[in-house]
Amino acid sequence: MTLIKRVGKALAVIVVVLAVSGFASHQYVNHVEKQRPIVTLAKHPEKVLFFYRDDCPDCQSIFHQIYWHNAISHNIVLINMNQPQNRHYIQKYQLTSVPTLIHGKQRYTGTNQQRIKQIVGD
């Protein structure tokens, strides 16, 4: 077998592995997004609060960015407002829509990538 064929096969295997792992990680993040754990914020006083709904298209459009940032920095609390026991935060934080990010006195509602980066600390 020539060197070109071996390199070609190796590259094909690498591409397939990357494609499969990319798909698997995408599916996993989608699974995390759909979870509805009860969140206790007293345990997370200094973190960025990310209020979202798993059925909200705007929330879905930025969830992967938020998730992967948090996987690296561990500074975001994901709060799914479709969990009935998390809904008391609507009043506490005067939430009017999702997605909403709150960090200290900073607050942003929307999907603008630059504003999100400012809030989460990128």
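Residues numbered from 1 in each chain as written. Predicted model: local features only at pLDDT ≥ 70, side-chain atom pairs only at ≥ 80, totals over all residues. Heavy atoms only, no water.

Trainee: Give a description of the packing of aromatic side chains that names residues and reports values.
Mentor: Counted according to the given criterion, the structure contains eight aromatic pairs. When the centroid spacing of 5.3 Å and the interplanar angle of 15° are considered together, the rings of F50 and Y52 count as stacked. Comparing F50 with Y52, the two get one shared label, buried. Considering the side-chain rings of Y52 and F63, the 5.0 Å spacing of their centres and the 55° angle between planes classify their relative orientation as tilted. Remark: F63 occurs in helix 2 (residues 57–73) and Y52 occurs in strand 1 (residues 48–52); sequence separation between them is 11 residues. Of the two residues, Y52 and F63, both sit in the buried class. Taken together, the ring pairs in this structure connect F50, Y52, F63, Y67 and W68 into an aromatic cluster. (Phe/Tyr/Trp six-rings, centres within 6.5 Å; stacked < 30°, edge-to-face > 60°. Buried < 20%, exposed > 50% of the residue type's maximum accessible area, 1.4 Å probe, protein only. Helix = DSSP H or I, 4+ residues; strand = E, 2+ residues; numbered from the N terminus.)

Trainee: An account of the pairing of strand 3 (residues 100–103) is needed here, citing residue identities and associated values.
Mentor: Side-chain positions along a regular strand alternate between the two faces of the sheet. Strand direction decides the pairing type here: strand 1 and strand 3, joined by three bridges, are antiparallel. Its bridge partner being in strand 3, F50 is matched across the sheet by L101. Note that strand 3 and strand 4 (residues 106–109) share four bridges and pair antiparallel. Each bridged residue has a counterpart across the sheet, and for H103 the counterpart in strand 4 is Q106. (Pairing = 2+ DSSP bridges.)

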